[in-house]
Amino acid sequence: MSDNLLSLKNVSKEYSGNRVLKDINIELKKGEILALIGENGAGKSTLMNILFGMPVIHSTGGYEGKIEIDGKEVNIKSPHDAMEHGIGMVHQEFMLIPGFSITENIKLNREITKPNVVSKVLGKRLESLDVKNMNDDARKALDVLEMDIDEYLPVAGLPVGHMQFIEIAREIDKKGIKILVFDEPTAVLAEAEAKNLLDAIRKLAKKGIGIIFISHRLDEIIDVADKVTVMRDGEHVATKDVKDTNKFEIAQLMVGRKISIERTDSDNKNVSDETILDIKDLKVSMPGERVKGINLEIKKGEIVGIGGLAGQGKLGVANGLMGIYPATGEVVFNGKKLQLNNPMASIESGLAFVSEDRKGVGLLLDESIEGNIVFSAMQVRNDFLNMVGPFRFKDSKKIRKHAKEMIKDLDIRCTSPLQNAGRLSGGNQQKVCVARALTLNPTLLLVSEPTRGIDIGAKKLVLDLLKKLNKDYGMTIVMTSSELAELRSISDRIVIVCEGKVEGVLPPDAPDADFGLMMSGSRHNAEGSEA
Amino acid sequence: MNNVSSGERLKIKRDSSWIADNIVTLIFIAFTVFGFIVSDGVTMNYFLTELSSRFFRNAFLVLSLIIPVVAGLGLNFGIVVGAMAGQIAIAIMRYFSIGGYSGMALTFLIAFPIAAMFGYFTGVLYNKTRGQEMIASLIVGYFANGLYQFLFLFAVGVIIKVPATHPMIKPDGVGIRMTVDLVKVEEGGLKYALDSIMEIPFMWAVLIVAVAILLLQVIRYTKNKNKPSFNGNQRMMTLINSVLSLVLVAISIFAITTDSSLMKVRQVPVLIGVFIISLCVFNELILKTKLGQDFRSVGQSQHIAEVSGINVDKTRIIATMISTVLAAWGQIMYLQNMGTLNTYGAHTQIGMFSVASLLVGGASTQKANIRHAILGTLLFNSMFIMSPEIGLSLFGNALLGEYFRTFMVYGVIGLALGLHVWRSNKKGKATLN
């Protein structure tokens, strides 16, 4: 057949009726570097999980389509099968055991053993480890990568750059490795380390290993890859030779237009010149969403969208402001300095937050709707309470009245205010969250991922609600979302966060390519600093 | 990889002080020393006699806990189930009046499949209760106790027909007596079947063990001398161990040559000692095999082990089975030394006491090695011997010392678990740097 090392043919995947991959076709030749790019949720990880035979794929009903290696169809059922077929993966989060030495990590589950008296009777698993040969092999693999580090050192305490190389050493130590997948390998590396890594990747490709390189850094892709495949919403958008394309085109393909953006009221908006929230050098240590120094000014009455790829720190901004994760920096809100690391102070100063973690932080799922709506207000502002001596009792009448109003105003579809919040649909749960935030009478509303996990119809309702709050009550809204389309549909400005910093600020009607470039950190725009 | 004991290698970067790491051990040393100071009734002779017989009874059980800790299952309170398997085997032997030295060997043989089966089911349960293994192991012990009582109190006699005249059956013909005499080995029973094979004076045993440890240190030193991984800390440990064993050698030679009062300490059973040493060697060796490496991988990170293609569930079940079988054998050794089978009570406490012993030695839920087990067994039993004495001399009432015991056992477990949680919380705390 062809000289393809690997070909995926019409690969599709469904998670409980939700199609996350549609007819993906990928071909990889020997010694070729294929870059895979796409926004979060584009299906890259799912695709790689299929290729690697991860249990999550098979426990949810497997996949459709064909995978061929060297022209032969293969059925990969477990990571072990993948290994047998010569597929290796360098994971984004390191698959290294900190307490083990470098050798032990490189040889994990592929330890060299020699038979002993007991193993001859009781089987192979009781063979002794051949530590010397293991060390020699590890040394060889490290030498290929020109790593000058002692193989007997423990992994704990090594710099991240080294850990990445140990992962690669593990893969190339595998016999008959043909295909190597790098899942965002440079995401955690400093620039010099990233450069070393790219050199190593090129070297490996020269040895005839086919490489799939997942990254969102366009510059790197242009630099190292031969071909680039763009994915969007689980679909295969295009595959191009890198020499025939440029980063603008790739960025445009990556973002695309998902739904038409209807904006009707961009004219008569009364955004004042008054700055309501002034953030200077905000650093937030939220795991996976680290913010590394953000400067942002928000005017009274505007809707500001914060966008960017997952893991770049956009979610950290709101969480840091609310004191949910440790933060430093200077934040002036409404003319007063905001006390950080204190959720109570943030709420009291007039901030309200609709969390991205609706079921975790956002709602008390086993509590009634009305309980959820008034919960924060009762705790923080002593609203809805009757004081009898030292005791505080819930003021049921007032709560019911308020809940009914909210249910009517926000159009929460429920059987009664006493229904459990956990029973509601995603969109209605989100409205309950908003209702709770509104009950605090905030001057500024922080909304994170308001449409995550809710269906399209409900999405529109939630977005319309935010728009209405802004228009009718002049509420300032900062909305953080992974979905660029929804940011573009309601925001006045969109701040793109990349690597924990503000990459740039764009108007909602800026071209797709600009968004794509900024999200992948490839355009260092001057306006970022003054945003 | 180096040649230090495998538990040492599991140690992840130290981030707490030495005192905090060894607080439990230090408390126990202080308690024992304090006991010696306040109570004048305890002679060294009495203390060592008590300690050695308790040590030989319990060490095997404590050592059976190490593998589950290495495999990430935490402290396996479920060895109670293994102990029941051992007791079932002994009960069968007693019922058919099989005994003697060959009868003892047969007891071990019969206990093996029973304990392996129990271990398998316990292991399956641990896999279903991932992350809560310790609670599960505690509860499985209580649950199994219920089944055990059903078997011995009801099934024997009602379902399994037995003659009411049999000396181990209750006079009404249903159930097994509360205490069953195991009959001396000379009379065809199991009592002292292992102990009586060979006994040597206590100080000779000390001398032999000390010389063996000294030799081990010398071998280790010459083997690792030129390895770069053999760093200052390990050199220091080798030196300290050597000096300690030299001191022991000196004391024991002195005692033997001068025939001092220490020679009057009760003789120690050689065979049990050999069993304990073999189990130590087994624990060390198995960690140097592929299976042992899998235990450690699974213990460190189940997810990474899974992705690397290790069958995590199976590995954990094997670890549980090994532990359960060892516990069954440990219980058999314990009972032949006691001489009577306390049918409904002998097994109930061993989970708690063994776990407490291991913790006292400095082990945690994630780190345990032979040194922890041996040191812990010695210290924990010292406390057991000393606490009534302390109660007597301080409060004039030995019973108060009994309360002390209970307090110390559960206090130690609580403290060790608390420290573990406190430490992992400290690690997990997000910081700005």
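The rules behind these values
Residues numbered from 1 in each chain as written. Chains lettered and ligands numbered in written order. Predicted model: local features only at pLDDT ≥ 70, side-chain atom pairs only at ≥ 80, totals over all residues. Helix = DSSP H or I, 4+ residues; strand = E, 2+ residues; numbered from the N terminus. Rg over C-alpha atoms; globule rule 2.2 N^0.38 Å. Buried ≥ 20, exposed ≤ 12 C-beta atoms within 10 Å, placed from the backbone. Contact = placed C-beta atoms within 7 Å. Expected span 1.5 Å × (residues − 1). Domains from an automatic or database assignment. Nonpolar A, V, L, I, M, F, W, Y, C, P; charged D, E, K, R; others polar. Pairing = 2+ DSSP bridges. pLDDT = per-residue confidence, 0-100. Axes fitted to C-alpha atoms, helices over the stretch in contact; angles between N-to-C directions. Core = buried A, V, L, I, M, F, W, Y, C linked by C-beta atoms within 7 Å. Parallel < 35°, antiparallel > 145°, perpendicular 65-115°, else oblique. Left-handed = near helix turned anticlockwise from the far one by under 90°.

### Some thoughts on the overall build of chain A
Okay, so step 1: Within chain A, the regular secondary structure consists of 19 helices and 24 strands.
Okay, so step 2: In terms of C-alpha radius of gyration, chain A reaches 26 Å, essentially the compact-globule figure of 24 Å for 531 residues.
Okay, so step 3: Seen along its three principal axes, the alpha-carbon backbone of chain A occupies a region of about 80 × 55 × 45 Å.

### Focus: the overall build of chain B
Okay, so step 1: Helix and strand counts for chain B come out as 17 helices and 4 strands.
Okay, so step 2: Since a compact globule built from 433 residues should have a radius of gyration of about 22 Å, the 22 Å found for chain B is in line with a globular shape.
Okay, so step 3: A principal-axis box enclosing the C-alpha atoms of chain B has dimensions of 70 × 60 × 45 Å.
Okay, so step 4: Counting across all 433 residues of chain B, residues that qualify as buried make up 43%.
Okay, so step 5: Pairs at least 24 apart in sequence give 76% of the contacts found in chain B among residues at least 6 apart.

### Things to note about helix α14 (residues 312-338) of chain B
Okay, so step 1: Taking 1.5 Å per residue, 27 residues should reach 39 Å; α14(B) reaches 39 Å between its end C-alpha atoms and fits that length.
Okay, so step 2: Taken across its 27 residues, α14(B) has 23 buried, putting it largely inside the fold.

### A look at the domain arrangement of chain B
Interface size is commonly expressed as the accessible area that is lost once the parts come together.
Residues and elements named next belong to chain B.
Okay, so step 1: With domains assigned, chain B is organised as domain 1 (20-201 + 265-428) and domain 2 (202-264).
Okay, so step 2: Averaged C-alpha coordinates put domain 1 and domain 2 at centres separated by 27 Å.
Okay, so step 3: Listed per partner, the contact involves 11 residues of domain 1 and 8 residues of domain 2.
Okay, so step 4: For the side of domain 1 that touches domain 2, the element with the most residues is helix α4 (residues 44-63), which contributes 4 residues.

### Examining helix α12 (residues 290-300) of chain B
Okay, so step 1: Buried residues dominate α12(B), accounting for 11 of its 11 residues.
Okay, so step 2: Those residues of α12(B) lying buried are K290(B), L291(B), G292(B), Q293(B), D294(B), F295(B), R296(B), S297(B), V298(B), G299(B) and Q300(B).

### Structural notes on the interface of chain B and chain A
Okay, so step 1: Counting residues at the interface gives 23 residues for chain B, matched by 31 residues for chain A.
Okay, so step 2: Broken down by element, the residue count for the side of chain B that touches chain A peaks at 5 residues, all from α12(B).
Okay, so step 3: The residue inventory of the side of chain B that touches chain A, partitioned by class, reads 10 nonpolar, 10 polar and 3 charged.

### Details of the pairing of strand β16 (residues 327-333) of chain A
As a general feature of sheets, a regular strand has side chains that alternate between the two faces.
Residue and element names in this part refer to chain A.
Okay, so step 1: Sheet topology places strand β13 (residues 275-284) next to β16; 6 bridges connect them, and they run antiparallel. Bridged to D278 within β16 is V332.
Okay, so step 2: Strand direction decides the pairing type here: β16 and strand β17 (residues 336-337), joined by 2 bridges, are antiparallel. Across the sheet, residue F333 finds its bridge partner in β17, namely K336.
Okay, so step 3: Where β16 folds back onto β17 in an antiparallel hairpin, the turn is made up of 2 residues, including N334, whose phi is positive at roughly 55°.

### Describing the confidence of the model for chain B
Residue and element names in this part refer to chain B.
Okay, so step 1: Considering every residue of chain B, the mean pLDDT works out to 86; 94% of them sit at 70 or more.
Okay, so step 2: For chain B, per-element mean pLDDT is lowest for helix α1 (residues 6-10), which scores 36, and highest for helix α5 (residues 66-70), which scores 95.
Okay, so step 3: Across residues 1-15 the pLDDT falls below 50, and counting only partners more than four positions away or on other chains, this stretch makes 35 contacts in the model.

### Some details on the sheet that holds β13(A)
Residues and elements named next belong to chain A.
Okay, so step 1: Pairing is antiparallel in the open sheet, where 4 strands are placed in the order β14-β13-β16-β17. Looking at the sheet topology across the chains shown, the edges are occupied by β14 (291-299) and β17.
Okay, so step 2: Bridge count between β13 and β14: 7 bridges; the pairing is antiparallel. Each bridged residue has a counterpart across the sheet, and for L277 the counterpart in β14 is I298.
Okay, so step 3: Its contacts with the sheet place helix α11 (residues 314-321) against β13, β14 and β16, and it is angled at close to 110° to β13.

### Some words on the nonpolar core
Okay, so step 1: Residues L51(A), I201(A), I211(A), F213(A), L446(A) and L63(B) are the most contacted members of the largest nonpolar core, which totals 257 residues.
Okay, so step 2: If we skip the residues at most four places from it in the chain, L446(A) touches A318(A), L321(A), M322(A), L351(A), A352(A), F353(A), V354(A) and V478(A).

### Some thoughts on the packing of α4(B) against α14(B)
All names here are of chain B.
Okay, so step 1: The N-to-C vectors of α4 and α14 enclose an angle of 170°; their axes lie 8 Å apart at closest approach. If you check the angle between α4 and α14, you find them roughly antiparallel. Every residue of α14 that contacts α4 at F56, R57, F60 and L61 is listed here: A327, W329, G330, Q331, M333, Y334 and N337.
Okay, so step 2: Counted by class, the contact of α4 with α14 contains 7 nonpolar, 3 polar and 1 charged residues.

### A closer look at the sheet that holds strand β18 (residues 351-354) of chain A
Residue and element names in this part refer to chain A.
Okay, so step 1: Taken in spatial order, the 6 strands of this open sheet run β18-β21-β22-β15-β23-β24, and their pairing is mixed. Edge strands, defined here as strands with exactly one partner in the open sheet, are β18 and β24 (501-506). The mean inter-strand angle of the sheet, taken between neighbouring strand axes irrespective of direction, is 20°.
Okay, so step 2: Bridge analysis of strand β15 (residues 303-307) against strand β22 (residues 476-480) gives 4 bridges, and the strand direction is parallel. Bridge pairing in β22 places V304 opposite V478.
Okay, so step 3: Contacts from α11 reach β15, β18, β21 (444-448), β22 and β23 (493-498) within the one sheet, and its direction differs from that of β22 by about 135°.

### Considering the pairing of strand β20 (residues 391-394) of chain A
Residues and elements named next belong to chain A.
Okay, so step 1: Bridging between strand β19 (residues 385-388) and β20 involves 4 bridges; their strand directions are antiparallel. Residue pairing across strands places M387 opposite R392, the latter belonging to β20.
Okay, so step 2: Hairpin connection, β19 to β20: the antiparallel pair is bridged by 2 residues, and G389 has positive phi, about 60°.

### A short note on the confidence of the model for chain A
Residue and element names in this part refer to chain A.
Okay, so step 1: With 94% of its residues at a pLDDT of 70 or more, chain A has an overall mean of 83.
Okay, so step 2: The spread of mean pLDDT over the elements of chain A runs between helix α13 (residues 358-362), the lowest at 78, and β22, the highest at 92.
Okay, so step 3: For residues 525-531, every residue scores under 50 in pLDDT, and the model assigns this stretch 13 contacts once sequence neighbours within four places are set aside.

### Comments concerning the environment of A91(B)
Residue and element names in this part refer to chain B.
Okay, so step 1: Relative to the elements of secondary structure, A91 occurs in helix α6 (residues 79-95).
Okay, so step 2: Residue A91 is classed as partly exposed on the basis of its C-beta count, with 19 C-beta atoms lying within 10 Å.
Okay, so step 3: With sequence-adjacent residues up to four places away left out, A91 is seen in contact with I176 and L341.

### As for unusual backbone geometry
Residues and elements named next belong to chain A.
Okay, so step 1: Phi is positive for N341, close to 60°, though the residue is something other than glycine.
Okay, so step 2: Look at E499: it is not a glycine, yet its phi comes out positive at around 50°.
Okay, so step 3: You can see E499 is positioned in the loop between β23 and β24.

### Observations concerning the environment of K140(A)
Okay, so step 1: Its location among the elements puts K140(A) in helix α6 (residues 131-144).
Okay, so step 2: On the neighbour-count criterion, K140(A) (14 C-beta atoms within 10 Å) is partly exposed.

### Concerning the packing of α6(B) against helix α15 (residues 350-360) of chain B
All names here are of chain B.
Okay, so step 1: It is the contact of α6 with α15, at a shortest axis distance of 8 Å, that shows an interaxial angle of 125°. Taken together, the axis directions place α6 and α15 in an arrangement best described as oblique. α6 and α15 meet at a crossing whose hand is right-handed. Across the interface between the two elements, I79, V80 and A83 from α6 touch I350, G351 and S354 from α15.
Okay, so step 2: Across the contact of α6 with α15, the residue classes tally to 4 nonpolar, 2 polar and no charged.

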